[in-house]
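This is what each chain is made of:
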Protein chains: 2
Amino acid sequence: MRKLLLLLMALTVAPLLRAQTLTSPDKNLSFKFELGEKGVPYYQLSFKKKPVIKPSALGIETKDVASFLDGFTVTSTELKTVNDTWNPILGEQKTIRNHYNELLVTLTQKAQKDRVIRLRFRLFNDGLGFRYEFPKQKELNYFVIKEERTEFNLAGDHKIFWIPGDYDTNEYPYMTSRVSEIPSLQKKATVQISAQQPIPNPSVQTPSMMKTSDGLYLNIHEAALINYPAMHLNVDGKTLKLSAHLTPDALGNKGYLQTDTQTPWRTIVVSDKATDILASKLILNLNEPTKYQDVSWIKPVKYIGVWWEYFVAGKSSWAYGTETNVKLTDDFSKLTPNGRHGATTQNVKKHIDFAATHGFDAVLVEGWNIGWEDWFGNWKEEVFDFVTPYPDFDVKELHRYAAAKGVKIMMHHETSASATNYERRLHQAFQFMVDNGYNSVKTGYVGPVIPRGEHHDGQWMVNHYIHVANTAAQYKIMVNSHEAVRPTGLHRTFPNWIAQESARGTEFEAMGGLAPEHATILPFTRLMGGPMDYTPGIFQTDLSYYGTGHGNRVNTTLVKQLAYYVTMYSPLQMAADLPENYERFPDAFQFIKDVAADWDETYVLEAEPGDYVTTARKAKGKNEWYVGGITDENVRTATINFSFLPKGKQFLATVYADGPDASYDKKPQSYTVKKVAVTSKSVLKQRLASSGGVAVSLKEASKDELKGLPKL
Amino acid sequence: MRKLLLLLMALTVAPLLRAQTLTSPDKNLSFKFELGEKGVPYYQLSFKKKPVIKPSALGIETKDVASFLDGFTVTSTELKTVNDTWNPILGEQKTIRNHYNELLVTLTQKAQKDRVIRLRFRLFNDGLGFRYEFPKQKELNYFVIKEERTEFNLAGDHKIFWIPGDYDTNEYPYMTSRVSEIPSLQKKATVQISAQQPIPNPSVQTPSMMKTSDGLYLNIHEAALINYPAMHLNVDGKTLKLSAHLTPDALGNKGYLQTDTQTPWRTIVVSDKATDILASKLILNLNEPTKYQDVSWIKPVKYIGVWWEYFVAGKSSWAYGTETNVKLTDDFSKLTPNGRHGATTQNVKKHIDFAATHGFDAVLVEGWNIGWEDWFGNWKEEVFDFVTPYPDFDVKELHRYAAAKGVKIMMHHETSASATNYERRLHQAFQFMVDNGYNSVKTGYVGPVIPRGEHHDGQWMVNHYIHVANTAAQYKIMVNSHEAVRPTGLHRTFPNWIAQESARGTEFEAMGGLAPEHATILPFTRLMGGPMDYTPGIFQTDLSYYGTGHGNRVNTTLVKQLAYYVTMYSPLQMAADLPENYERFPDAFQFIKDVAADWDETYVLEAEPGDYVTTARKAKGKNEWYVGGITDENVRTATINFSFLPKGKQFLATVYADGPDASYDKKPQSYTVKKVAVTSKSVLKQRLASSGGVAVSLKEASKDELKGLPKL
């Protein structure tokens, strides 16, 4: 009887041994899974019959148990369709559709006592997600990964927007080249960054954005990076094969797994429209819904900070003392004050006043706590305690003052990448925040990691960031992590992890400048994984203004900085410039005061990576719309079609535009603000200066309000 | 004027450039420091004119800054004498004398911009302690150690009691050989132990006990191991040079230091009497006094446990379920019970009853918390949570029950060496203890360490153990750490860290047996650093008794187990056998019930490493004395001279002796108990069986009480 059953099963699965196909709900994407010679699994993907990924092997090489590479037979396949919607806590749109066809393949290794793994493929209209799953079974409990062998065989020598593979930093400037050119450009691309660990062989980081010569857009990344190292991509410039390169630990191992478990999703977003790439919610859809019960305390945050002055004004510093060697047990009131400390009670009060006057939620204060004298470059474990203020920062008084003004102070937990020290002190640190009225924290991981030998992108640190977010949630604290591994949509699961840096942000404008095209690439790369705390809003772009010998320049016009609040999605948005600079340009500043940070709808109107992005969004729960458009170094005319507005109504549009003589390098502060009447039939053709932008705010208006205004 | 001053200083220090000598307060020890060629520092030591350490180099090799090896000149020397006393919280004697002559040498490296280090030497009557000090200075803030280059050039090919160097375990059986024989014996000595990382070159661990052919005893160890890796000793079998070998981290680095700082003390205890070695308080004297304000809650603990049954009875297990793959998020009530779980409410109550009846302070319960199904061998980080009991262990009910009986339950925190997991959960774990009436914890570190690549003896873990002890003190919790780095007298500074395992203890009697000489070596080696939780008191030494196919045997007589409570100092003492075995031998058990664990005075009466130890102690605050004597495999007659008793008084002595036919391997349970009258003039000559012992309890007695008793 047993034999008979087995025979029947074999008959049932026999056809599966060859191949299994799948199409996306809209039929544009076609996917094929098959077992190759020696039982190696392969997949391939095409879009409207154009190959996207040529047959590419799947597998995982292990260190201790037999590898998951070959000798597989297909035991079963299951097909499923899901089509539903869900509502993010904070997001670019109120409702997200989750529509895919799924293929679940169960693979058995007969030579390994019928050990089983599963491959789960989800084909959406906007791309493919797949992962490896390791069910609980007698023959498999624990294993150590040597390398993941997932391949992405490209169908051509695409144009690619890339930064070099590195285990410790994602703050590189973007390169644009052909895939085949990466090996020869790797060295040039690897600019110096503190605490970097570049991968020696040609490799790129994800999200990796490509464009084929026949006009397909293609983005490779991952979703739901939990308990696994971040994936980089080895690049074979000759065969155009990309392949997974996981971040190792101190011993060179690449992951410690226990069944029942799975890898993160490997994602390939595809379209023939660049705007579709930006509109894709595939990565979010592949993340798990949050398990938090109460999310009422998770809110968008617009903030200012005691921050930019550390980079540009030349007058202030994080550190309080002139000493270069301090210990947390020292009496910091005995240090020699350097006279330039930024986080003083008085300076913070000034910022609280400004925030209250202009409607900001919070004031970030960096440099408030002891330890900044020697925090960097010493690989010091007990570097900060997160609870002891400098002598000139009065925690209780500022708590009282901020509360009276209806403003929150944003906590800053720079860890110097001493993660063990942070974990040890985490509960105390969060309790201190609760006790003193803080509800959000900016974390920082500058420098080489402790545990020494671990990397920012390794499994241990990946788990650390999640541990911090999860623990913060217990205290109803929102987290904005800097220098952490790049996001993979985990803000769906941990919605209090509201934003991350994890890329080259505005601070680099004060350290050599960002390329004019930089912010047109970010939405196609870094932001595919989640919101970025880009810290826009710099009005005083020429930094020589400060007379401190600062030769740098923010490489945008003033208006482009406004546009960022729309093109660069984040529920956490900083107005990063000094308060006094906003007071010099109150009409332009009005846009930053008005703009929303959480949205009902998003419309990507125009986009081309490396060239331009124009995006419109409807504010969450309000009849207000905001549009942002940016360009690279090339002057261009943005076309803003207002068809996203409700039909048959009148709207008051305030248009913030580059002045006719504006340019990022010569006249960045030339701008105009004009009010016009628009309807859903209006189209605005707006000239953008070199590295310029356009910003528009819209609200429904009565005829009276529009009286005398020109029409578009 | 400045030049003149410098000249005067130079004149003052000129004589120092050659050498500086020092003698011990009793003049027996002579020490010499000198700078050799190329400005390399050397020291040497002799005892009663016999060389102990021949001229040996000092220095530290660094990775980042210039090394501290040569190019030194002596800038100043300072001499000092200290002679005072102090009282340990718990200890072998009420008052400890701290008497030494000190030489502090300031060394300058001119080629390194006059960078300065200091060498501090303290010469006691019982030996030498010295350390490197790195004062805060402009030219030195942070550095990374490549290796410490401290040498110990032996004056002869001494007999040595040793275990092989290993970064992760100190649970080796002892070898006895000549120093020159170590290289050829290294392989044999390196028996298999879980999570071991033997040093490849010939090396030994400290405390390293030696005896010269002309009868000198010599012990090398370290004191106050804080923020530094543990030191092993490289062995050059040809030149008889021992040299420091620090434990590396994951990257092979050996220490990260920040000035103002110092190394631990390197200690050399010397005497021509073996008993003096055991009586030495040099290591304790070199540790810092505690900074704890309230120490009233730190008390000696005599305890029993749900423990030995896991090793011998064959019937019970730490784990609750039959599963071999569990996660802390699992519902453990859904596991399949294996029917052998030891830590059940009922079994613990039985132990509480026994403890209450016989006056024990506490009951250790291992296996109470979820996670034991797959805790070992999987290098699993989230292995225990320290707060969730198994379904059959009722925390609240046992809290109530134990409190009602006046007994404490001893917490067990096995970490599986996942130190990061433990640190993350530490406050929660200790708060759980406080909430549920626990005041002491046995910690365990079985397995390879997480952070992966770190070692049990490395700087990071050294700091971890101290962090745990220090944090426990905040909760008034006493700590007994197992599988931690061996102690270095830190129980003076952290007196709640009352005991450690850190050597091959009684558990190994159930896993192959300990050599009969083992416990005669431990006081000269492992116990030089601090108290050991040796877990003595096994009455049922033949483990075949349990009928579970257990072929092992505890290699002592029953009486030798009694003697351990005196020969093996610890303020934490377990009666490790099953309660039912004590009930079978109530007269012998009486000694365990009576014996103290904290002392006013200690008298080492006889001792020879590897052969025998006889020790007498006066109970803290009581007119009671206890004597323990043990021998190795050789029958011998111990001489117990009662001259330590107050003169002119009468004492009732209860003598627990091996029976005339006793032997550890054939008749271990043959013993006699007799009461005799003694005075300070009495001398007891007592025959000890092969691996046997003698135990005596004494109390002042009236004539009536002594009536009819024989006199010694």
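Residues numbered from 1 in each chain as written. Chains lettered and ligands numbered in written order. Predicted model: local features only at pLDDT ≥ 70, side-chain atom pairs only at ≥ 80, totals over all residues. Heavy atoms only, no water.

Student: Describe the relation of the copies chain A and chain B, and please don't skip the residues or the numbers.
Tutor: The two copies are related by a screw operation: chain A maps onto chain B through 180° of rotation and 0.0 Å of translation along the axis, at an RMSD of 0.0 Å. A rotation of that kind, with that shift, is consistent with a two-fold axis. When the interface residues of chain A are mapped onto chain B, 100% of them again lie at the interface, so the same face is used by both copies. (Least-squares fit on C-alpha atoms with pLDDT ≥ 70 in both. Contact = heavy atoms within 4.5 Å.)

Student: Before we move on, can you summarise helix H7 (residues 395-404) of chain B with the specific residues and values?
Tutor: Given 3.6 residues per helical turn, the α-helix brings residues three or four places apart onto the same face. All names here are of chain B. Looking at H7, one finds that the buried residues are Val-395, Leu-398, Tyr-401 and Ala-402. Down the axis of H7, the smallest arc covering the buried residues is 130°, so these residues share one side. Facing away from the buried side of H7, by more than 90 degrees, are the exposed residues Lys-396, Ala-403 and Ala-404. In this fold, the buried residues of H7 make contact with helix H6 (345-358), strand S24 (408-414) and helix H8 (419-435). Backbone geometry just downstream of H7 places Gly-406 in the positive-phi region, at approximately 70°. (Buried < 20%, exposed > 50% of the residue type's maximum accessible area, 1.4 Å probe, protein only. Helix = DSSP H or I, 4+ residues; strand = E, 2+ residues; numbered from the N terminus. Arc of directions from axis to C-beta.)

Student: Let's hear about the interface of chain A and chain B: which residues, and what values?
Tutor: With 31 residues of chain A in contact, the opposing surface of chain B contributes 31 residues. Taken over both partners, the interface formed by chain A and chain B buries close to 2,800 Å², and the fraction arising from carbon and sulfur atoms is 48%. Per-residue buried area on chain A facing chain B is highest for Tyr-142, Asn-325 and Arg-424 of chain A; these three make up 24% of the total on that side. Taken together, the links from chain A to chain B amount to 2 salt bridges. (Buried area = accessible area lost by both parts, 1.4 Å probe. Salt bridge = Lys/Arg side-chain N within 4 Å of Asp/Glu carboxyl O.)

Student: Describe the environment of Leu-140 of chain B, with residues and values.
Tutor: With respect to the helices, strands and loops of the structure, Leu-140 of chain B is situated in the loop between strand S9 (127-134) and strand S10 (142-148). Setting aside residues up to four positions removed in sequence, Leu-140 of chain B forms contacts with Asn-325 of chain A together with Val-65, Phe-68, Arg-115, Phe-134, Pro-135 and Thr-259 of chain B.

Student: I'd like to hear about the sheet that holds S10 of chain B, residue by residue, with values.
Tutor: All names here are of chain B. Within the open sheet, the 3 strands sit side by side as S5-S10-S19. Their pairing is antiparallel. Looking at the sheet topology across the chains shown, the edges are occupied by strand S5 (60-62) and strand S19 (256-258). Taken pair by pair, the neighbouring strands of this sheet meet at an average axis angle of 50°, ignoring direction. Taken together, the 3 bridges between S5 and S10 define a ladder with antiparallel strand orientation. (Pairing = 2+ DSSP bridges. Axes fitted to C-alpha atoms, helices over the stretch in contact; angles between N-to-C directions.)

Student: Tell me about helix H2 (residues 182-189) of chain A, residues and numbers included.
Tutor: All names here are of chain A. Every buried residue of H2 is listed here: Ile-182, Leu-185, Gln-186 and Ala-189. Looking straight down H2, one finds that the buried residues subtend no more than 135° of arc, so they occupy a single side. Exposed residues on H2 whose side chains face more than 90 degrees from its buried face are Ser-184, Lys-187 and Lys-188. Buried residues in H2 make contact with strand S12 (159-162), strand S13 (175-178), strand S14 (203-204) and strand S17 (231-236).

Student: Give me the lowdown on the packing of helix H8 (residues 419-435) of chain A against H8 of chain B, citing residues and values where you can.
Tutor: For the pair H8 of chain A and H8 of chain B, the least separation of the axes is 7 Å and the interaxial angle reads 20°. Looking at the two axes, H8 of chain A sits roughly parallel to H8 of chain B. Like other packed secondary-structure pairs, H8 of chain A and H8 of chain B cross with a definite hand, here right-handed. Where H8 of chain A abuts H8 of chain B, its residues Thr-420, Glu-423, Arg-424 and His-427 of chain A lie against Thr-420, Glu-423, Arg-424 and His-427 of chain B. In terms of residue class, the contact of H8 of chain A with H8 of chain B is built from no nonpolar, 4 polar and 4 charged. (Parallel < 35°, antiparallel > 145°, perpendicular 65-115°, else oblique. Left-handed = near helix turned anticlockwise from the far one by under 90°. Nonpolar A, V, L, I, M, F, W, Y, C, P; charged D, E, K, R; others polar.)

Student: Go over the domain arrangement of chain A, please, and point to the residues and values.
Tutor: All names here are of chain A. One can read the domain layout of chain A as domain 1 (19-285) and domain 2 (301-598). Computed over C-alpha atoms, the centres of domain 1 and domain 2 are 32 Å apart. At the interface, 50 residues of domain 1 touch 48 residues of domain 2. Both faces considered, domain 1 and domain 2 share a buried interface measuring about 3,900 Å² in area, 59% of it formed by carbon and sulfur atoms. When residues of domain 1 are sorted by the area they lose upon contact with domain 2, Asn-170, Glu-171 and Tyr-174 head the list and together hold 18% of the total. If you look at where domain 1 meets domain 2, you find 1 salt bridge. The closest approach of N and O atoms between Glu-222 and Arg-486, which form a salt bridge, is 2.7 Å. Counting every contact that joins domain 1 to domain 2 gives 25 residue pairs in polar contact (both at pLDDT 80 or more). Mapped by element, the contributors of at least two residues to the side of domain 1 that touches domain 2 are strand S16 (217-223), S17, strand S19 (256-258), helix H3 (274-279) and helix H4 (282-285). Residue contributions to the side of domain 1 that touches domain 2 peak at 4 residues, all from S16. Among the residues forming the side of domain 1 that touches domain 2, the class breakdown is 31 nonpolar, 13 polar and 6 charged. (Domains from an automatic or database assignment. Polar contact = N/O pair within 3.5 Å; in protein donor to acceptor, adjacent residues only side chain to side chain.)

Student: Tell me about the sheet that holds strand S31 (residues 624-631) of chain A, and name the residues and values.
Tutor: Residue and element names in this part refer to chain A. If you trace the 6 strands from one edge of the open sheet to the other, you get S29-S30-S31-S36-S33-S34, paired in antiparallel fashion. Either end of the sheet is taken by a strand with one partner, and the two such strands are strand S29 (599-608) and strand S34 (671-678). Strand-to-strand, the axes of this sheet are offset by a mean angle of 15°, without reference to chain direction. Pairing of strand S33 (residues 651-658) with S34, which is carried by 8 bridges, proceeds in the antiparallel orientation. By the bridge assignment for S34, Leu-652 is matched with Ala-677. Against the sheet, helix H11 (residues 558-567) makes contact with S29, strand S30 (612-619), S31, S33, S34 and strand S36 (693-700), and its axis sits at roughly 125° relative to S31, the strand it touches most. Packing of helix H13 (residues 586-594) onto the sheet brings it into contact with S31, S33, S34 and S36, and relative to S33 it is tilted by some 120°.

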